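# Working through the structure, step by step
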Amino acid sequence: MSTTVELFYNESDARAAAQGEDNAQQESTPLVILHGLFGSADNWRSHIKSWAETRRVIAVDLRNHGRSPHVAGMSYPEQAGDVIAMLDKLEIACCDLLGHSMGGKVAMQVALDAPERLRSLIVADIAPVVYEHGHDEIFDALDAVRDAHPASRKDADGVMAQYVETPAIRQFLATNLVRLEDGSMGWRVGLDQIAAGYTQIVEAPQGQAPVEMPTLLLRGERSHYVQQDGLAAMRERFPALEETSLDAGHWLHAERAAEFQQAVLIFLDRVSRT
């Protein structure tokens, strides 16, 4: 039996608490955010700031990412168990759950395993299907940086550029760089654990039973991550599915931040009134 890990999270509801008499107007159901592969809660700071104006927001570092523990196992039941344990610790009986990419699969697994814990589900540019292995050059870049012990972020970028051509991807990966005890730059992700668990990451969430809850799929029109088979799998598992497309690639929440934030708020406001 797998063991859950205690996840690191950023929480913000200070804006609501500061509004005194207006607290009654705040949405009482928390919004929980799950990042994608090689991401972290820190990537969602601007979104947290926006959404925290009207609700409690909790952004999570999934296992082997950010400030959460490095442990073996990246299966979706294991990761969903971590999230449910965090909800238990925070005494959150029910939340709105948003996940991007790998985090979207974790969110779907939570919905399949414990639908009573969610009021609604928001999935950003991922489907509950098996994907091909597609991160070899990124693993090569991360390994090369670890072996090179670069003295600065600029040096680390130079190493990564030998494997990853796109500057935006290198910039995203660099959000995981930290200063090590020896003064060099290194990764805060559990690189070995993620690599060992990569075959689990590309798998689909487990469980076929349809879950009747308000569900929003946000797709990037220039992304290949959600094809027709993925849409069919989403509709099979989540029959109340709504779809919204943005003129963006896979990182739609970064490329179209304002539109992404607004689409989420419109959906959540409608859910809160039903």
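Before any of the text, the structure's been laid out above.
Notes on the structure in this doc start here. (Residues numbered from 1 in each chain as written. Predicted model: local features only at pLDDT ≥ 70, side-chain atom pairs only at ≥ 80, totals over all residues. Heavy atoms only, no water.)

Okay, the overall build of the protein next. The secondary structure content of the protein amounts to 12 helices and 9 strands. The globule rule puts the C-alpha radius of gyration for 274 residues at 19 Å, and the 18 Å found for the protein is close to it. Counting only C-alpha atoms and orienting by the principal axes, one finds that the protein spans roughly 55 × 45 × 40 Å. Across the 274 residues that make up the protein, the buried fraction comes to 54%. (Helix = DSSP H or I, 4+ residues; strand = E, 2+ residues; numbered from the N terminus. Rg over C-alpha atoms; globule rule 2.2 N^0.38 Å. Buried < 20%, exposed > 50% of the residue type's maximum accessible area, 1.4 Å probe, protein only.)

Attention shifts here to unusual backbone geometry. Even without being a glycine, N64 presents a positive backbone phi close to 70°. Positionally, N64 belongs in the loop between β3 (55-61) and α3 (76-89). Located in the positive-phi region is S101, a residue other than glycine, with phi close to 55°. When you line up the elements, S101 lands in the loop between β4 (95-100) and α4 (102-113).

Considering the arrangement of structural elements, one finds D125 in the loop between β5 (118-124) and α5 (136-148). At a separation of 2.5 Å, a polar atom in the side chain of D125 contacts the side chain of S223. If near-sequence neighbours (up to four positions away) are discounted, D125 is found in contact with S101, L217, L218, R219, G220, S223, Y225, V226, G249, H250 and L252. (Polar contact = N/O pair within 3.5 Å; in protein donor to acceptor, adjacent residues only side chain to side chain. Contact = heavy atoms within 4.5 Å.)

Further remarks concern the layout of surface pockets. As a volume, the largest pocket reaches approximately 580 Å³. Contributing to the lining of the largest pocket are 31 residues, with L37, S101, H135, Y225 and H250 lying nearest its centre. In terms of residues, the lining of the largest pocket owes the most to one element, helix α7 (residues 167-174), which gives 3 residues. Taken together, 15 residues line the second largest pocket, and the ones lying closest to its centre are A168, F172, W251, A254 and E255. Among the secondary structure elements, those contributing two or more residues to the lining of the second largest pocket are α2 (45-51), α7 and α11 (252-255). Split by residue class, the lining of the second largest pocket holds 6 nonpolar, 7 polar and 2 charged. (1 Å grid on protein atoms, 1.4 Å probe; cavity = no way out; pocket = protein on both sides within 12 Å on 5 of 7 lines; lining within 4 Å. Points joined across faces, edges and corners; volume = space filled by probe spheres on them. Nonpolar A, V, L, I, M, F, W, Y, C, P; charged D, E, K, R; others polar.)

Along the chain, the position of T175 falls in the loop between α7 and β6 (177-179). Residue class for T175 comes out partly exposed when judged on its relative accessible area of 33%. For the pair T175 and D42, spaced 133 residues apart in the sequence, the C-alpha separation amounts to 8.4 Å. Here F172 takes part through its backbone oxygen, which lies 2.6 Å from a polar atom of the side chain of T175.

What follows is about the sheet that holds strand β8 (residues 215-220). Strand pairing in a sheet relies on backbone hydrogen bonds. The paired strands run either parallel or antiparallel. Spatially, 7 strands are ordered β1-β3-β2-β4-β5-β8-β9 in an open sheet, and the strand pairing comes out mixed. This sheet does not close on itself; its edge strands, each paired only once, are β1 (8-12) and β9 (241-246). Neighbour-to-neighbour, the strand axes of the sheet open up by a mean angle of 20°, direction not taken into account. For β8 and β9, the ladder comprises 6 bridges, and the chain directions are parallel. By the bridge assignment for β9, G220 is matched with L246. Across the sheet, α3 touches β1, β2 (27-34), β3 and β4, and the angle it forms with β2 is around 150°. Across the face of the sheet, helix α12 (residues 257-272) comes into contact with β2, β3, β4, β5, β8 and β9 while running at roughly 160° to β5. (Pairing = 2+ DSSP bridges. Axes fitted to C-alpha atoms, helices over the stretch in contact; angles between N-to-C directions.)

We now examine the packing of aromatic side chains. For the structure shown, the criterion picks out 6 aromatic pairs. Seen from their ring centres, W51 and F260 are 6.3 Å apart, and the 40° between their planes marks the pair as tilted. In this pair, W51 sits in helix α2 while F260 sits in helix α12, placing the two residues 209 residues apart along the sequence. Judged by relative accessible area, which is 0%, W51 ranks as buried. Seen in terms of ring centroids, Y131 and Y225 are 5.7 Å apart; in terms of plane orientation they differ by 35°. Their pairing is tilted. One end of the pair, Y131, is in the loop between β5 and α5; the other, Y225, is in the loop between β8 and α10 (228-237), and 94 residues separate them in sequence. On the basis of relative accessible area, Y131 is assigned to the buried category, the value being 18%. Ring pairing ties together the aromatic residues F38, F139 and Y198, which thus form one cluster. (Phe/Tyr/Trp six-rings, centres within 6.5 Å; stacked < 30°, edge-to-face > 60°.)

It is worth spelling out the nonpolar core at this point. In this structure, V32, L34 and F38 are the most contacted members of the largest nonpolar core, which totals 67 residues. Broken down by element, this core gets its largest block of residues, 7 residues, from α4. Excluding anything up to four places from it in sequence, L34 contacts V60, L62, V83, L97, L98, G99, H100, G103, V106 and A107. A41, W51, A248 and V271 belong to the second-largest nonpolar core, a separate cluster that totals 24 residues. (Core = buried A, V, L, I, M, F, W, Y, C linked by side-chain atoms within 4.5 Å.)

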